[in-house]
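This is what each chain is made of:
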Amino acid sequence: MSEKARVAIVRGEFPLSTAQIEGMVERSLDLIGGLAGRIARGDHVVIKPNLFAPYPPPVSVDRRVIAATVRLAREAGAAKVTVIEGVSVGTLMKRVNPERSVCGASRGYGSAEVMKMLGVKKAVEDAGGEVLGVEDAEKVLVDIEGGMALHRVFYPKVVLEADCFINIPAMKTHTMTMVTLGLKNLQGLLDEKGRYFAHRDDLDQHMVDIGKIRLPDLTILDGLIAMEGMGAGEGGSPVEMGLILASSDPVALDCVASQCMGIENPLVVGTTRIANHDGLGCGNPFLIEVAGTGIQQARKKLTLPINYTQPLESIVSGVYPNIDLYIGGACQTCWLMAAMVEASLSKVPERFSLIVGIDPKVPPKLRTDLEHTFFLGECALAATGELREIRNEMQLKGIDHFLGGCPPYEQALVKLEDVLIARGSLKEEDLIHKAVEHRERFFDYYRSHDSTWEPEIS
Ligand code: SF4
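Residues numbered from 1 in each chain as written. Predicted model: local features only at pLDDT ≥ 70, side-chain atom pairs only at ≥ 80, totals over all residues.

Caption draft 1: Up close: the overall build of the chain. Helix and strand counts for the chain stand at 17 helices and 16 strands. Relative to the compact-globule value of 23 Å for 458 residues, the chain shows a C-alpha radius of gyration of 23 Å, a close match. When the backbone C-alpha atoms are referred to their principal axes, the chain occupies close to 70 × 45 × 40 Å. For the chain, the residues scored as buried account for 52% of the 458 residues in total. Across the chain, the fraction of contacts at a sequence separation of at least 24, relative to all contacts at a separation of at least 6, is 71%. (Helix = DSSP H or I, 4+ residues; strand = E, 2+ residues; numbered from the N terminus. Rg over C-alpha atoms; globule rule 2.2 N^0.38 Å. Buried ≥ 20, exposed ≤ 12 C-beta atoms within 10 Å, placed from the backbone. Contact = placed C-beta atoms within 7 Å.)

If you want it as structure tokens, here you go:
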């Protein structure tokens, strides 16, 4: 038997029917030895797909890939198959749910709602499984042995106790981690606080540390319709790859998947490099055996997020004529969030000052008044000297333009929108209209690949 890690690649030509997709999933598993020996009669199998937002592929995993896996697990003898997922913090807090008020921090969608809306619940139940949102799952406090950035988290008991744990990521680019594949997908198992806190500069190490709690026994990657550009959400663009990958080594799978996405050196992907370093699997392409379709035949050069192709500063400082940015030392997340805040403020025909990061230097007088000044992130809020005076004066005058948090993540964007709505710079109905319009574009795209699909919107 070979000592090399083995990764299966199966490629299909579009259009792909449900039966063909099921066949591709089965073939990928056969190429790595099948489910016999991995699943025994009476086992409880737990599956973690990527369904982090209320959008069909390429944002989320194709429900047909999940259903095929459930069916195969049942055929292999599993008595129970549970599909568990926790949607992103952005989906919980920020993504506009037209059925709710858009003001406030809980306007988005929960995991159970997303699974129902995408048709995953029905597909899983038809295949003999059940779905579970992470919010509804029983969690236990786990000490992470060997954790470097993450030491103690609340984690779903059902995953810890599973006889077989199967990870089903999607193949996507990601603005914070370059790509999101198997290791990154495990983040959705943390509770809301754990998922939120992970989005700092140690994000890659966090993802790897989550894998140390329990590595998947199998990873099946949905690369049918991949995502390129400003992923991993609705900012990215679809690419027809027609791929299913499978492996029992999650690091080797990520390594091969990133090569299929056109990344020459898979160790530039932080999660793969660190997981290889920390001994979670094999990240060395020379020690990985590829079965089925070769990487060269499967490969397409995907466009990476702009912050991986040009300096991050070039999309943040000196970009918008109506925004003066004062940024001290700041983490990558604060730079990225500054880019998003600027994109929102740039649509308002007034001038703004944006204060970000550790100890930014400001002139004795800003170009804007306090009504047009925003602080982003805890570091900016802790600034001393001139900025403390400005902040105190804003507080005394009741101008709450403090977009806090470390990192200042989705809740900062929700607050900014609330402020802009309150001051009449943004209309609630425009926000809803834009969100629905954008969602419809994704729905239409996916319908063109699966005519049997319709979202279940209540
Ligand atoms: S608030 Fe400070 S520490 Fe936190 S992400 Fe921003 S710059 Fe980094």
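Caption draft 2: Geometry of the nonpolar core. Formed by 138 residues in total, the largest nonpolar core has its most connected members in Ile-66, Leu-245 and Leu-376. When residues of this core are assigned to domains, at least three map to each of domain 1 (5-307) and domain 2 (310-426). Leave out the neighbours within four places in its chain, and Ile-66 touches Ile-47, Pro-49, Val-61, Val-83, Val-120, Ala-123, Val-124 and Ile-168. (Core = buried A, V, L, I, M, F, W, Y, C linked by C-beta atoms within 7 Å. Domains from an automatic or database assignment.)

Caption draft 3: Spotlight on the environment of Arg-152. Mapped onto the secondary structure, Arg-152 falls in strand S6 (residues 152-156). For the pair formed by Arg-152 and Val-290, sequence separation is 138 residues and the distance between their alpha carbons is 36 Å. Each residue touching Arg-152, except ones within four places of it in the same chain, is listed here: Leu-141, Val-142, Asp-143 and Ile-144.

Caption draft 4: Summary view of the packing of helix H10 (residues 250-260) against helix H11 (residues 270-277). Two numbers describe how H10 lies on H11: the axes approach to 10 Å, and their chain directions differ by 145°. Crossing of H10 over H11 shows left-handed handedness. Side by side, H10 and H11 meet where Val-251, Asp-254, Cys-255 and Ser-258 of the first sit next to Thr-271, Thr-272, Ala-275 and Asn-276 of the second. Its residues assigned to classes, the contact of H10 with H11 shows three nonpolar, four polar and one charged. (Axes fitted to C-alpha atoms, helices over the stretch in contact; angles between N-to-C directions. Left-handed = near helix turned anticlockwise from the far one by under 90°. Nonpolar A, V, L, I, M, F, W, Y, C, P; charged D, E, K, R; others polar.)

Caption draft 5: Representation of unusual backbone geometry. Residue Pro-58 is bonded to the preceding Pro-57 through a cis peptide linkage, with omega at 15°. Residue position: Pro-58 is located in the loop between strand S2 (44-49) and helix H2 (63-75). The residue after Cys-406, namely Pro-407, is reached through a cis peptide bond having omega 0°. Mapped onto the elements, Pro-407 comes out in the loop between strand S16 (402-403) and helix H16 (410-422). The backbone of Met-178 sits at a positive phi, close to 70°, despite the residue not being glycine. Note on placement: Met-178 falls in strand S9 (residues 178-180). The backbone phi angle of Asp-359 is positive, close to 50°, even though this residue is not glycine.

Caption draft 6: Representation of the site of the ligand within the structure. Around the ligand, the neighbouring residues are Arg-200, Ala-330, Cys-331, Thr-333, Cys-334, Gly-357, Gly-377, Glu-378, Cys-379, Cys-406 and Pro-407. Elements represented by at least two residues in the shell around the ligand include exactly helix H13 (332-345) and helix H14 (378-381). Taken together, the residues of the shell around the ligand break down into six nonpolar, three polar and two charged. (Near = placed C-beta within 6 Å.)

Caption draft 7: Inspection of the environment of Val-362 at higher detail. Relative to the elements of secondary structure, Val-362 occurs in the loop between strand S14 (352-356) and strand S15 (373-376). Overall, the presence of 17 C-beta atoms within 10 Å leaves Val-362 in the partly exposed class. In the structure, Val-362 is positioned 36 residues away from Tyr-326 in sequence and 6.6 Å away in space, judged by C-alpha atoms. Among all residues touching Val-362, those that are not within four sequence positions of it are Tyr-326, Glu-386 and Leu-387.

Caption draft 8: Spatial organisation of the sheet that holds S15. Read across the sheet, four strands follow the order S13-S14-S15-S16 without closing on themselves; strand pairing throughout is parallel. In this open sheet, the two strands that pair with only one neighbour each are strand S13 (323-327) and S16. One ladder, built from two bridges, connects S15 with S16; its direction is parallel. Within S16, the position partnered with Leu-376 by the bridge is Leu-403. The sheet contacts of H13 involve S13, S14, S15 and S16, and relative to S14 the element is tilted by about 165°. (Pairing = 2+ DSSP bridges.)

Caption draft 9: The arrangement of the pairing of S13 in detail. Here S13 lies mainly inside the structure; five of its five residues are buried. Neither face of S13 is open: one carries Ile-323, Leu-325 and Ile-327, the other Asp-324 and Tyr-326, and all of them are buried. Handedness of the S13-H13-S14 crossover: left-handed. (Right-handed = clockwise from strand over helix to strand, strands pointing away.)

Caption draft 10: Just the packing of helix H1 (residues 18-31) against H2, in detail. Look at H1 against H2: their axes get within 9 Å of each other, and the N-to-C directions meet at 55°. With respect to each other, H1 and H2 are oriented oblique. Along this stretch, H1 crosses H2, giving a crossing that reads as right-handed. Counting all contacts with H1, which are made through Thr-18, Ile-21, Glu-22, Val-25, Glu-26 and Leu-29, the residues of H2 involved are Arg-64, Val-65, Ala-68, Thr-69 and Leu-72. Taken together, the residues of the contact of H1 with H2 sort by class into six nonpolar, two polar and three charged. (Parallel < 35°, antiparallel > 145°, perpendicular 65-115°, else oblique.)

Caption draft 11: Here's a closer look at the domain arrangement of the chain. The domain boundaries assigned to the chain delineate domain 1 (5-307) and domain 2 (310-426). Taken together, the contact pairs 14 residues of domain 1 with 15 residues of domain 2. With three residues, helix H3 (residues 89-93) is the single largest residue contributor to the side of domain 1 that touches domain 2. Looking at the side of domain 1 that touches domain 2, its residues break down into seven nonpolar, four polar and three charged.

Caption draft 12: Focus on H10. Burial analysis of H10 places 11 of its 11 residues in the buried class, the great majority of the element. Burial in H10 covers these residues: Pro-250, Val-251, Ala-252, Leu-253, Asp-254, Cys-255, Val-256, Ala-257, Ser-258, Gln-259 and Cys-260. Positive backbone phi, approximately 95°, marks Gly-262, located one or two places after H10.

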